[in-house]
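Single-letter residue listing:
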Amino acid sequence: MADRPTGGYPPSLNVLGFAIDHTDGKARLGRLTTAHGEVTTPLLMPCGTAGAVRGITPAQLRATGTQMVLANTYHLMLRPGAEVVAELGGLHRFMAWAGPILTDSGGYQVFSLADRRTVTDDGVVFRSHIDGAEVALTPERCMEVQRLLGADIVMQLDECPPASAGREQLAAAVRRSAAWAGRCKAAWEAHGRSARAGHPQGLFGIQQGGTDLELRAESARRIVDLELPGYAIGGLSVGEGPEAMRTVLETIDELFPAGKPRYLMGVGEPADILAAVACGVDLFDCVLPTRNARNAQAFTWTGRLRLRNAEHARDPRPVEEGCPCYTCRNFSRAAIRHYFQAEEMLGPILLTIHNLTFFARFTAAIREGIAAGQFQQRSRQWLARMYPQRPQR
Ligand SMILES: [Zn+2]
């Protein structure tokens, strides 16, 4: 039986089931139940930035073994507009994806992409990168937009300080993000269900604090006090380096309640996923599998392959021997290299299929390793194969 959250929100909002079936050290094998089905964790969500995982159809996406996808609130609220998506039946209908969807809050993009933004305690005002129009994003509007989009998991609005931020700026972002989490919770409790389809949505709070462990602890305490359905670790993988990231991650198991899912935002490098799973993280999202595919780079169990390299020009082998994906069953490295050289769309499509299949198989292997109580040993073997040049820890 899934553990239903019993936090201080109405029973009608007990929306996410999360059950842990095995632990191995701090690593957790879990099941997350949403209005659009159950997924097994740890898992990685590919980015469906504008309501599509670039280059492939939802049927192809499903065939890669992908369980759940992320869509970007910032992009969808600017174009085509959250109201339009709601009018058309909500995001699941719009993007023809029947599985679970998570929408981010838009905060990260506002802080990294948008022009001329002004942050106050009320929210953030910015200029759209599309037409320069002035847009206001408050915690309440952020919840409304995500309610209109209708994902299964919605994220609080948070302030994302740059990697170069000093302690004072980080502390201010922690306090502002915590206050916004409270306002998001109030707005979420008032509705809690997607606008069009009416299914329940689970709200996650976001921890900030950079690499400052005291601020990380304060941030976690403030959002955990709100008793939300899940918690995310934000503000990492912004250039702090793997050692600093690990130092922060090593503290999360004691900061967050065991029975709630934990989501590390923006992380997808296999070595970072392994380090985070070892610290008790359940969910990931990253653009790496799809973005690198478009740049002719394939992920494999023996490291990355650059398919533009001349060495593949006559290579009849698949991208990865033994990979069950459509690409590896049907195409040689030589053919894929040719498509990239000739700028055929099929090149990026084929590698997107392979890379998403790789991450689905990689996370499935992590889950099997946890179930078998072998996660650490297997992790070391995978790292040695994937990163042969790197000194092993
Ligand atoms: Zn493959």
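This text follows the structure it describes.
Keep in mind it's a predicted model, so treat the numbers as computed, not measured. All residue numbers here refer to positions counted from 1 along the written sequence of the relevant chain. Local features are withheld for residues below a pLDDT of 70 in this predicted model, meaning they are given only at 70 or higher, and side-chain atom pairs are given and counted only at 80 or more; totals for whole chains, interfaces and linings count all residues. Hydrogen atoms and water are omitted, and side-chain values are computed over all heavy atoms in the structure.

Chemist: Quick question: what am I supposed to make of the coordination of the zinc ion here?
Modeler: Each metal site is built from N, O and S donor atoms within 2.8 Å (3.2 Å for Na, K and Ca), and since water is not included, such sites may look incomplete. Surrounding the zinc ion are the protein donor atoms C323 (SG), C325 (SG), C328 (SG) and H354 (ND1), which sit 2.1 to 2.3 Å from the metal. Geometry at the zinc ion is tetrahedral, judged from its four donor atoms and the angles of 100 to 119° they form at the metal. All donors of the zinc ion belong to a single chain; written as a sequence motif, their spacing is C-x1-C-x2-C-x25-H. Think of it in three bands: residues with accessible area under 20% of the maximum for their type are buried, residues over 50% are exposed, and the middle band is partly exposed, with areas taken using a 1.4 Å probe on protein chains only. Accessibility expressed as a relative area gives 10% for C328, which makes it buried. Working rule for geometry: tetrahedral if four donors all subtend angles between 85 and 135 degrees; square planar for four, octahedral for six, if opposite donors exceed 155 degrees and the others stay between 65 and 115; irregular in every other situation.

Chemist: Got a minute to help me understand the pattern of salt bridges in this structure?
Modeler: In a structure, side chains of opposite charge can pair up when their charged atoms sit close to one another. Just to be clear on terms, a salt bridge is a Lys or Arg side-chain nitrogen sitting within 4 Å of an Asp or Glu carboxyl oxygen. Counted according to the given criterion, the structure contains 19 salt bridges. Two residues, D212 and R167, come together in a salt bridge whose shortest N-O distance is 2.7 Å. Note that D212 is positioned in the loop between β11 (202-207) and α8 (213-224) and R167 in helix α7 (residues 167-190), a separation of 45 residues in sequence. Take R167: its relative accessible area is 44%, and that puts it in the partly exposed class. Two residues, D315 and R317, come together in a salt bridge whose shortest N-O distance is 2.9 Å. The exposure class assigned to R317 is partly exposed, which follows from its relative accessible area of 39%. Counted as one network, the salt bridges with shared partners bring together D21, R31 and E38. Helix and strand assignments come from DSSP, with helices taken as H or I runs of at least 4 residues and strands as E runs of at least 2, each series counted from the N terminus.

Chemist: Explain the layout of surface pockets here, please?
Modeler: In this approach a probe as big as a water molecule rolls over the atoms, and the regions it shows empty are the leftover space. Here the largest pocket defines a volume of roughly 1,100 Å³. For cavity detection a 1 Å grid was placed over the protein atoms alone, and a set of points counts as a cavity when a 1.4 Å probe fits there but cannot get out; an open set counts as a pocket when protein lies on both sides within 12 Å along at least five of seven lines, with lining residues being those that have an atom within 4 Å of a point. Around the largest pocket, the lining is made up of 42 residues, and of these N72, Y108, Q109, S112 and V287 lie nearest the centre. Counting only elements with at least two residues in the lining of the largest pocket, the list comes to α5 (107-112), β14 (283-286) and α12 (288-294). Looking at the lining of the largest pocket, the element that brings in the most residues is α5, giving five residues. By the convention adopted, Pro, Cys, Tyr, Trp, Phe, Met, Ile, Leu, Val and Ala count as nonpolar, Lys, Arg, Asp and Glu as charged, and the other residues, Gly among them, as polar. Of the residues that constitute the lining of the largest pocket, the class distribution is 19 nonpolar, 15 polar and eight charged. Grid points are joined across faces, edges and corners, and a volume is the space filled by probe spheres set on the points.

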